[in-house]
Amino acid sequence: MVGTVHGSALGFAGGVGVTALAASWPVFALLLLVVVVVVVSWWTTVLGAVLTAVQCWGLYASFVVGDEGHLVPDWPALAVLAVASTASLSGLVRDRAAAPSPARS
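About the cut-offs
- Residues numbered from 1 in each chain as written.
- Predicted model: local features only at pLDDT ≥ 70, side-chain atom pairs only at ≥ 80, totals over all residues.
- Heavy atoms only, no water.
- Helix = DSSP H or I, 4+ residues; strand = E, 2+ residues; numbered from the N terminus.
- Contact = heavy atoms within 4.5 Å.
- Areas by Shrake-Rupley, 256 points an atom, 1.4 Å probe, with all protein chains shown as cover.
- Buried < 20%, exposed > 50% of the residue type's maximum accessible area, 1.4 Å probe, protein only.
- Expected span 1.5 Å × (residues − 1).
- Arc of directions from axis to C-beta.
- Patch = residues over 30% accessible without salt bridge, like charges linked within 9 Å, V, L, I, M, F, W, Y side chains within 5 Å.
- Salt bridge = Lys/Arg side-chain N within 4 Å of Asp/Glu carboxyl O.
- Axes fitted to C-alpha atoms, helices over the stretch in contact; angles between N-to-C directions.
- Parallel < 35°, antiparallel > 145°, perpendicular 65-115°, else oblique.
- Left-handed = near helix turned anticlockwise from the far one by under 90°.
- Nonpolar A, V, L, I, M, F, W, Y, C, P; charged D, E, K, R; others polar.

Before we move on, can you summarise the overall build of the chain with the specific residues and values?
Broken down by element type, the chain carries 5 helices and 0 strands. In the chain, once contacts between residues fewer than 6 apart in sequence are set aside, the share between residues at least 24 apart is 65%. Taken as a whole, the chain presents about 6300 Å² of accessible surface, with 74% of it coming from carbon and sulfur.

Residue-level account of the environment of Leu-59, with values.
Position of Leu-59 relative to the elements: it lies in helix α3 (residues 46–65). For Leu-59, a relative accessible area of 10% translates into the label buried. Here Leu-59 is in contact with Phe-12, Gly-15, Val-16, Thr-19 and Val-64, once residues within four sequence places are set aside.

Any details on helix α1 (residues 4–22)? Residues and values, ideally.
The end-to-end C-alpha distance of α1 is 26 Å, a good match for the 27 Å that 19 residues give at a rise of 1.5 Å each. Listed as buried for α1 are Gly-7, Ser-8, Gly-11, Gly-15, Val-18, Thr-19 and Ala-22. Here the buried residues of α1 occupy an arc of 100° about the axis, which is enough to place them on one side. Seen from the open side of α1, the exposed residues pointing more than 90 degrees away from its buried face are Val-5, His-6, Ala-20 and Leu-21. In this structure, the buried side of α1 is in contact with α2 (26–43) and α3.

Can you tell me about a nonpolar patch on the surface, naming the residues and giving the values?
Taken together, Val-35, Val-39, Trp-42 and Trp-43 make up a surface patch of nonpolar side chains, about 430 Å² in accessible area. When you line up the elements, Val-39 lands in helix α2. Residue Val-39 is classed as partly exposed on the basis of its relative accessible area, which comes to 47%.

Please provide a residue-by-residue account of α3, values included.
Between its first and last C-alpha, α3 extends 27 Å over 20 residues, near the 28 Å set by a 1.5 Å rise per residue. Among all positions of α3, only Gly-48, Ala-49, Thr-52, Ala-53, Cys-56, Trp-57, Gly-58, Leu-59, Tyr-60, Ala-61, Ser-62 and Val-64 are buried.

Talk me through the packing of α1 against α3; I want residue IDs and the actual numbers.
α3 packs onto α1 with a crossing angle of 25° between their chain directions and a minimal axis gap of 8 Å. In terms of axis orientation, α1 runs roughly parallel to α3. Crossing geometry of α1 relative to α3 is assigned as right-handed. Packed against α1, whose contacting residues are Thr-4, Gly-7, Ser-8, Gly-11, Phe-12, Gly-15, Val-16 and Thr-19, the element α3 presents Leu-47, Gly-48, Leu-51, Thr-52, Gln-55, Cys-56, Leu-59, Phe-63 and Val-64 at the interface. Tallied by class, the residues present in the contact of α1 with α3 amount to 8 nonpolar, 9 polar and no charged.

This is how it looks when you write it as structure tokens:
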């Protein structure tokens with residue numbers, strides 16, 4: 001498991017890579033950013049996953065939907081935030097699945 005800071009940094013690096021490669025194709029960029037969030041969420045803390053989701057949303061809203069890095073919080077960009085935030089909850093599922101169940105008496 002990767003800590004919050006390193007997970008967030010990994011998510012940011014993945015988001016920047018996706019944005020640089022797929023900015024011309026908004027739907028493809030959206031799918032790849034969701035994949036980045038899900039993968040990072042699996043390996044980091046919940047806070048690291050949430051930070052990754054917010055960073056990927058900012059990259060999508062600024063460079064894929066917006067022009068020249070201007071933040072455009074329109075409906076598609078807000079949909080990306082919702083999808084990425086939901087995907088980041090996979091970290092909670094992983095934590096619950098990995099947690100030992102209490103011993104029954």
